[in-house]
Amino acid sequence: MYIIVNMDTTIAAISTAYGESGIGIVRMSGPEAFDIAKKIFVPAGELKKPFEPKPRYMHYGHIIDPEDNSALDEVLCVFMQKPHTYTAEDLVEIQCHGSMLALKNILDLCLKQGAVPAAPGEFSKRAFLNGRIDLSQAEAVIDLIKARSGKSFDLALGQLRGQLSERVAGIRKELLDLLVELTVNMDYPDEDIEYLQYEKLSNSLLAIDDKLIKLLKSAGEGRILRDGLGIALVGKPNVGKSSLLNALLKEDRSIVTDIPGTTRDTIEEQASIRGIPVRLTDTAGIRESEDLVESLGIERSKEAFNKADIVVLILDASRPLDSEDMLLIDMLQGRQCIIILNKSDLPQQLFDYEILDDLPGSVIIQASMKTGEGIESFCDIVEQLVLGGSVRKENDALLTNARHEDCVRRAQKEISEAVAMAHLMEAMDFIEVNVHAAYDALGEILGETAGDDVIQEVFSRFCLGK
Ligand code: GDP
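Residues numbered from 1 in each chain as written. Predicted model: local features only at pLDDT ≥ 70, side-chain atom pairs only at ≥ 80, totals over all residues. Heavy atoms only, no water.

## Things to note about the sheet that holds strand β6 (residues 91–98)
Two modes of strand pairing occur in sheets, parallel and antiparallel, and in both the strands are linked by backbone hydrogen bonds.
Thought 1: The mixed open sheet is built from seven strands, whose spatial order is β3-β4-β5-β6-β2-β1-β7. Every interior strand has two partners, whereas the edge strands, β3 (41–43) and β7 (116–117), have only one.
Thought 2: In the sheet, strand β1 (residues 11–14) pairs with strand β2 (residues 21–29) via four bridges, with the strands oriented antiparallel. Counterpart to Ala 13 in the pairing with β2 is Arg 27. (Pairing = 2+ DSSP bridges. Helix = DSSP H or I, 4+ residues; strand = E, 2+ residues; numbered from the N terminus.)

So this is what it looks like as structure tokens:
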């Protein structure tokens, strides 16, 4: 979607979710917001003089259509004066009853009085264009709204508060200082200035390179904390996959039965393990089947298996391993996996399972979905795998977004090339080109050097009213 922003207009939209709820909010932003609201909002009580709203104060009253004096709803209305508002423009929020009818009628009245419908994300886009937030902070707003776990929410909030922006702006400042020095050396070679030595240049570039590499290293963890860790649950029928899924979801969503092959298709569920969002795929068991419906499920299982960040193989340790189990174990070679030896509450066939000791990259847990044994250990291991056993500093600005990661990767490539050129004592103006490109690449994160297409793309992901 292409969003054209004419900042002279006043935009209006329903900002709360569609459907029935306790309250709903219609929001207006722009130069006419106060005037339009004053035409349709009538505060309760006798008015001695024309209504003058008190900024940031909840006014109680009614929305009245000035044409026929009909009341649309009983509301609370807040007037917020620019520039200290979400959009940095005059902003009005009308809190009415959460009925779609009330919301729609109030929105229509705002439009009739001169507001125009806001495009998705237009409030945030105005905040960006008015310089109140940078592009990465605007993206954090979408992430906040879409966050499904405590950790992803915290990350988005950190990004909105400017943690990533500060880190990126800091590196850009160093690049800018370097650019100034390079330019002075190039433009005024005969002046009595201190020459930029190649050694000093190399050291500065290496320090910047190091910071960019550190930022890139946080990207993998950041992606998982934002989008969720993909976990594929594999195992032949009846070993306890659904039981594990249910234990993790803490509610019975998939039907647990004794008949093999009931989970014919893959089910993807969102859950959270120790605050880490996870996407769990319960698979139909990867084995050859003559039943068409089941074999379709098997195809999807293989896909889920290949796409997953971690594969969890569940085996029924109360039974000897059979050829189906062996097929799955073979597929795990070279994969990071957790093997759950389930049904530890029943007599065990563990001697059979020594073969698993030869599987590098696997962690083995004895568990019982019946008694709950092993579930905590499973959660511990998932947490360790994601956080790499390291305790992350709360204020670590992580790269959570593929767009940001791409910008940092490009900047780092430019700087590593500049480092190589400085070692070879190449002409300063060649090095300057790379440093400049790195500076611009990082500027794209903040939106300073991002093209219109990038900005459109970012805001088209927003919902209406935000
Ligand atoms: P799936 O086909 O792999 O999804 O297996 P289910 O989770 O549907 O479990 C199959 C059967 O094994 C059900 O009757 C479960 O109650 C039972 N079951 C699952 N885990 C355990 C366990 O740890 N101990 C015992 N005794 N039974 C279990």
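This is not the end of the story, as more comes after the structure.
## Comments concerning a nonpolar patch on the surface
Thought 1: A surface patch of nonpolar side chains, amounting to about 270 Å² of accessible area, comprises Met 58, Tyr 60 and Leu 76.
Thought 2: Note that Met 58 resides in strand β4 (residues 58–64). (Patch = residues over 30% accessible without salt bridge, like charges linked within 9 Å, V, L, I, M, F, W, Y side chains within 5 Å. Areas by Shrake-Rupley, 256 points an atom, 1.4 Å probe, with all protein chains shown as cover. Salt bridge = Lys/Arg side-chain N within 4 Å of Asp/Glu carboxyl O.)

## Here's the deal with unusual backbone geometry
Thought 1: The omega angle of the peptide bond from Lys 82 to Pro 83 is 5°, so this bond is cis rather than trans.
Thought 2: For Pro 83, the location among the structural elements is in the loop between β5 (71–80) and β6.
Thought 3: One non-glycine residue, Arg 56, adopts positive backbone phi at about 60°.
Thought 4: Tracing the backbone through its elements, the reader meets Arg 56 in the loop between β3 and β4.
Thought 5: At Asn 238, a residue that is not glycine, the phi angle is positive and equals roughly 80°.
Thought 6: The residue Asn 238 is located in the loop between β8 (229–234) and α8 (241–249) in this model.

## Observations concerning the side chain of Thr 400
Thought 1: Assignment of secondary structure puts Thr 400 in the loop between α11 (375–387) and α12 (402–423).
Thought 2: Accessibility expressed as a relative area gives 5% for Thr 400, which makes it buried.
Thought 3: A polar side-chain atom of Thr 400 sits 3.3 Å from a polar atom in the side chain of Gln 159.
Thought 4: In contact with Thr 400, not counting residues within four places along its chain, are Asp 143, Leu 155, Gln 159, Gly 222, Arg 223 and Arg 226. (Buried < 20%, exposed > 50% of the residue type's maximum accessible area, 1.4 Å probe, protein only. Polar contact = N/O pair within 3.5 Å; in protein donor to acceptor, adjacent residues only side chain to side chain. Contact = heavy atoms within 4.5 Å.)

Geometry only, nothing functional implied.
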